[in-house]
Structures are given as structure tokens and as C-alpha cells.
Amino acid sequence: MIAAVSQSFVLRAHLLWWNDDPFFAGQSAQISVPDGAMAVGADGRIAWVGEAANLPNDYTAWPEVDRRGTVVLPGFIDAHLHFPQSAIIGAYGTDLLHWLDTYTFPEESRFGDQAHAASIAAIFADTLLRYGVTSACVFSTIHPVALEELAAAFHSRGMGLLSGKTAMDRNAIPTLHDTAQSAYDDAKVLLEALEPQYDRFGYVVTPRFAITSTEAQLDVCGSLHAEFPHTRMQTHINESAREIATVAQLFPNDASYLDVYDRFGLVTDRSLFAHGIHTTEAEMARMAEAGAAVVHCPTSNTFLGSGLFNPGANRAAGVNIGIGCDIGGGTHFSPFVTMQEAYKVARFHDQSLTAAETYYWHTLGNARAMKTNREAGSLAAGKWADFIVLSDPDDDPIAALRLAHAETVEQRLFAYQFFAPQIQTWTRGIQRT
Ligand SMILES: [Zn+2]
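All of these numbers come straight from a predicted model, not from anything done at the bench. Position numbers for residues start from 1 in each chain and track the written sequence from start to end. The model is predicted, so local features are restricted to residues of pLDDT at least 70 and side-chain atom pairs to those at 80 or more, both for listing and for counting; the totals for chains, interfaces and linings are taken over all residues. Excluded from the side-chain calculations are hydrogens and water; all other atoms, namely the structure's heavy atoms, are used.

**Looking at the overall build of the protein chain**
Then, number 1: Helical segments are the DSSP runs of H or I of at least four residues, strand segments are the runs of E of at least two, and each set is numbered from the N terminus. A tally of regular secondary structure across the protein chain gives 15 helices and 16 strands.
Then, number 2: Relative to the globule expectation of 22 Å for 433 residues, the C-alpha radius of gyration of the protein chain, 21 Å, shows essentially globular dimensions.
Then, number 3: A buried classification covers 60% of the 433 residues belonging to the protein chain.
Then, number 4: Here a residue-residue contact requires only that any non-hydrogen atoms of the pair lie within 4.5 Å. Long-range contacts, defined as pairs at least 24 residues apart, comprise 75% of the intrachain contacts of the protein chain with a sequence gap of at least 6. C-alpha atoms define the radius of gyration, and 2.2 Å times the number of residues to the power 0.38 defines the globule rule. We call a residue buried when its accessible area falls under 20% of the maximum for its residue type, exposed when it is over 50%, and partly exposed in between, using a 1.4 Å probe and counting protein chains only.

In C-alpha cells form, the structure reads like this:
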């Protein structure tokens, strides 16, 4: 797919977005404009948004894209998933470590091949667009060429990408091991090549997790993160019992799993920690103090039997929360499925997530976790015109019965988590699906 040239237009629809976390800020966090208009410039950015009746004269001559009768939200953002695991979703197994050894590492070792990486990157990006995801924070593999192909695939579709070369120098399989030095050198070359080339790409320092990196490698990752202060850092933490026990064996002098990362300068306000299911109160307090984010991956956690993430405990501690599908431990690319599973997981803690809370996580909440909220996550003037046009599912009589009970837009969005709507996806002001 080649990036088309954008044209300015005015979108007419029911516009809805969040400008703060509705769990803390309440109803005022939600902006709902039933008879809305959004002016999108030829630069692919939102020029103006508000009531259609108040459209400024500057934009009244722009062509109209009429989507009245639909609900338009900001494009979804996914804060944690693995592009090289697209082919192993739903692979039969036992727990995390078994699943990594049996399926993940052999599959990821194929991504040094440029043609293979390019082919999967295209399928991966197209699939995200099909489900309304317009930007993401993604794991690649150790191979520089895999990241290059992923960045090109996202750019050609107008999508935002945060990613980095995965660093792992032990405890995988030999074909998937780099070294501390090559992890540093490759990351620096990729960062300096890709960021100037692609305006929506940001480099993420990416030690896979503490088990697969030596202290020397975690040390160079911390150095990179400090040397390039705009970089994000992503890794995994506190996902499964066996993983946590292994980390304790490998790092006997650290008081906790988070302390391992903290010792190497990897706990910052630009850090994203996937899972965080079994995080202790002390670890949560430290994450909150640093401004780090935890990324909840509910379909992965139930598929692998890793445990049940507790949103309330993380909120009470002041930890920023993001959400992701964690393909291929996760079982579906669709944010609707991820939000549905998050709702179910929270019920095990006697918590009930509203539609506003889960959709916020998948839009502005993830943008805040990824520090892309100046560019994405809501329908505010100046941001990229990344948005999704939602309408009721077609040819589904049960969905129609259920949606007949939806009297408000919030009730409709809540039901869409269980009866996925039809989706049109736009990035940079261009319709992609
Ligand atoms: Zn993951």
C-alpha cells in the first residue's frame, strides 16, 4: 500500500473522544459531539473540531465527508505486541516459558531473512488497520532488517510506530542471541537511520526481559536510554510465577524483579512494562514514582494462564496503565476483543470497567503511556487525523437484538466490545480500510 496524497476535508459524524482518564476525572473527561464536524488539513492533521454549527468560515468550502449515523473515535493505539509472532497465535502449550521455547524462539529466528520480515510486516500492519489500530508500540526481533521492514510497512500506511531491535544475549536459542556490544551498536545505527527517515517512528530500547539479557547487556540498554533521552524503553515484567522465580535465581542480589531493571536505569517515565500481573506494592510505588507505565495484556494473560491483572491496585498506587493485545501470546489483534477480556479479568477482582475506561486506555491512555499524546490519542486540533468510523455489525441478528438495548452512545460502545462493529480506519487523514 502506497501512501496517497491527502486532501483537506470536513468530516461529519458523531465525534467522541477522551481528554483525560475518566476513572479519575469522571464524565468531564469525555467529549461527545453528536452533530460534530472535524476539519482535516492536507497535512494529515486535525485543523479544527467541534459542533458542526460552529464550523469556522475557513473550512466551509472544504469538501465534506459525510459519516452521519456513525460514531467516530480516535484511532486505537496498541501499547504492546510482537510482530514476529503473527504466525503463532493460539499455539498449544503450557506456560509462558514453555511457549517461548517451543514456538516463539524458532519463529523469531526466521526474521533475519528480509523477504520473510517484509511479508509478515505487511500482513501485520494491514491487520492492525483492519481492526482500527493506527499506531502501536511493537516488539521486533534481534535482526536489524526486521525492524527496518516493520518501520517501512507502518510508514507506507501512515501509521505511528514505536519499536526497537530486541536485545537478548542468553537463554533463548543460539540463532537468536546478540551480544551486549552488538545490541548497543545496532540500536544506535537503527535509531539514527530510521528516526530521520520516518516522521512517525520513535526508537524503543528493547531488552526482551531480564531472563534473556546479561547484566552487561542490561547495562548498555540503560546507557542507550540515557544517551538518547527521547527514547522509550519496553520490556516484560511479573508475568508468570516461573518467570519471576527464574529472575530471582539469575539476579539473587536484587530485592525485586523491578529492581533488576532499576539498577540499570531502565525505570523511567518513558518505560513501558508489559503485564505486571504479580507486581508487589513496593514495585508499584516505584513505578508510580518514576512515571513508568504498566501495559495490561488480558488475552495473553488468560491464554497462557499467567494470572489476572488488577487495575484497581495499579490505579491506587498511581501507576499509568496502558493496554495491548500481546500478539502472539495474546489471541486476537482486535482492541474490541482485548477490551472485552479486560472487562472479564477485572471482574475477578470485583471491578467493573466502563466503556469509557477501556476505550480511554486504548486511545489517549496508551498515547500517554507511550508519550505520543501530543500527536495522537484524541481528536484534538494539531494531532494526526487518525480516526475510526464505527457502525453496527452487518448481518448479525443477535448483535441487532443486543444493540436495540443500547440507548446511549456509551451503552453502544460497551456492547461493541462483545459484538464487534464495522470499522473504517483512517490515518493521517487518508482512509485505509
Ligand atoms: Zn509481550
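**Digging into the sheet that holds strand β2 (residues 30-40)**
Then, number 1: Strand pairing follows a simple DSSP-based rule, namely that at least 2 bridges must link the two strands. Read from one edge to the other, the open sheet built from seven strands follows the order β3-β2-β1-β4-β14-β15-β16, with strand pairing classed as mixed. Here the strands that pair on one side only, and so sit at the sheet edges, are β3 (46-51) and β16 (430-431).
Then, number 2: Judged from the five bridges that link them, strand β14 (residues 387-391) and strand β15 (residues 422-427) form a sheet pairing that is antiparallel. By the bridge assignment, S391 is partnered in β15 with Q422.
Then, number 3: What counts as an axis is a line fitted to C-alpha atoms, over the stretch in contact for a helix, and the angles between N-to-C directions run from 0 to 180 degrees. Across the face of the sheet, helix α13 (residues 355-370) comes into contact with β1 (9-18), β2 and β4 (64-74) while running at roughly 120 degrees to β1.

**Remarks on the coordination of the zinc ion**
Then, number 1: Sodium, potassium and calcium take a 3.2 Å donor cutoff, other metals 2.8 Å, and in both cases only N, O and S atoms count; water is not among them, so sites may look incomplete. The coordination sphere of the zinc ion contains the protein donors H80 (NE2), H82 (NE2), H236 (NE2) and D326 (OD), at a distance range of 2.0 to 2.4 Å.
Then, number 2: Of note is the zinc ion, whose four donor atoms meet at the metal with angles of 88 to 171 degrees in an arrangement that counts as irregular. Angle rules define the geometry names used: all angles between 85 and 135 degrees makes four donors tetrahedral, while opposite donors over 155 degrees apart and all other angles between 65 and 115 make four donors square planar and six octahedral, leaving every other case irregular.

**Concerning the pattern of salt bridges**
Then, number 1: Every case where a carboxyl oxygen of Asp or Glu lies within 4 Å of a side-chain nitrogen of Lys or Arg is listed as a salt bridge. Counted under the stated rule, the structure contains 23 salt bridges.
Then, number 2: Its salt-bridge partner being R368, residue D20 comes within 3.0 Å of it at the nearest N-O pair. One end of the pair, D20, is in the loop between β1 and α1 (22-25); the other, R368, is in helix α13, with 348 residues separating them in the sequence.
Then, number 3: Across the pair D350 and R347 runs a salt bridge, and its minimum N-O distance is 3.5 Å.
Then, number 4: Put simply, R12, D35, E64, D66 and R68 are held in one network by salt bridges that share partners.

**Re the domain arrangement of the protein chain**
Then, number 1: Each domain's limits were defined by an automated method or a database of domain assignments. The domains assigned to the protein chain are domain 1 (9-75 + 378-431) and domain 2 (76-370).
Then, number 2: Each partner contributes to the interface: domain 1 provides 28 residues, whereas domain 2 provides 28 residues.
Then, number 3: For the pair domain 1 and domain 2, the summed buried area comes to about 2,500 Å², and 64% of that belongs to carbon and sulfur atoms.
Then, number 4: Summed over the shared surface of domain 1 and domain 2, the result is three salt bridges.
Then, number 5: Distance and chemistry together define a polar contact, namely a pair of N or O atoms within 3.5 Å, with one atom able to donate a hydrogen and the other to accept it when in protein, and with adjacent residues in sequence counting only for side-chain atoms on both sides. Counting across the interface, domain 1 meets domain 2 through 10 residue pairs in polar contact (both at pLDDT 80 or more).
Then, number 6: The class makeup of the residues in the side of domain 1 that touches domain 2 is 16 nonpolar, six polar and six charged. Summed over both partners, buried area is the accessible surface (1.4 Å probe) that two parts give up on being assembled. Amino acid classes used here: Ala, Val, Leu, Ile, Met, Phe, Trp, Tyr, Cys and Pro are nonpolar; Asp, Glu, Lys and Arg are charged; the rest, including Gly, are polar.

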